[in-house]
Amino acid sequence: MRTALLALPLLLAGCSWFSSPSQPEAETRPEYRACRREAENSPEVVALGAQSTPDMPLNQARIGPQRQTAINRAYRECLRRRGLSLPGGVETLRTR
């Protein structure tokens, strides 16, 4: 029993060796990073940032998902314009 308890942390640490990378390899290419920067500076995202009030949790709960959706949309549009492959294969889930 004691040996099993001592081996548990080692087993849990070993699980992280087989996890997938947090960022796909294509996303590290300069073209993709340029599109990510362009998306984060798009007019819609900047406008949503201007509406953001960090001290108001309800405002953050409303603006946060809208901002992320705007970033994703602008990012995908940039990739399409440049003829790059789009990430993933399924449309992102929309939250209320």
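Up top is the structure these notes are about.
On a predicted model such as this, the values are computed, not experimentally measured, just so you know. (Residues numbered from 1 in each chain as written. Predicted model: local features only at pLDDT ≥ 70, side-chain atom pairs only at ≥ 80, totals over all residues. Heavy atoms only, no water.)

Novice: Mind showing me how you'd approach the pattern of salt bridges here?
Specialist: Charged atoms that come close allow side chains of opposite charge to pair. For the coordinates displayed, the defined rule picks out four salt bridges. Where E38 meets R82, a salt bridge forms, and the shortest distance between an N and an O atom there is 3.7 Å. Remark: R82 occurs in helix 4 (residues 57-82) and E38 occurs in helix 2 (residues 30-40); sequence separation between them is 44 residues. The residue R73 makes a salt bridge to E44 at a minimum N-O spacing of 3.0 Å. Placement of the pair is R73 in helix 4 and E44 in helix 3 (residues 43-51), with a sequence separation of 29 residues. (Salt bridge = Lys/Arg side-chain N within 4 Å of Asp/Glu carboxyl O. Helix = DSSP H or I, 4+ residues; strand = E, 2+ residues; numbered from the N terminus.)

Novice: I keep staring at the state of the cysteines and nothing clicks. Help me out?
Specialist: Where two cysteines share a covalent bond between their sulfur atoms, that bond is called a disulfide. For the structure shown, the criterion picks out one disulfide. Disulfide partner of C35: C78, at an S-S distance of 2.1 Å. Linking C35 and C78, the disulfide has an S-S dihedral of approximately -70 degrees and is accordingly described as left-handed. Of this pair, C35 sits in helix 2 while C78 sits in helix 4; the two residues are 43 residues apart in sequence, bridging distant segments of the chain. On the basis of relative accessibility, which here comes to 0%, the residue C78 falls in the buried class. (Disulfide = S-S within 2.5 Å. Buried < 20%, exposed > 50% of the residue type's maximum accessible area, 1.4 Å probe, protein only.)

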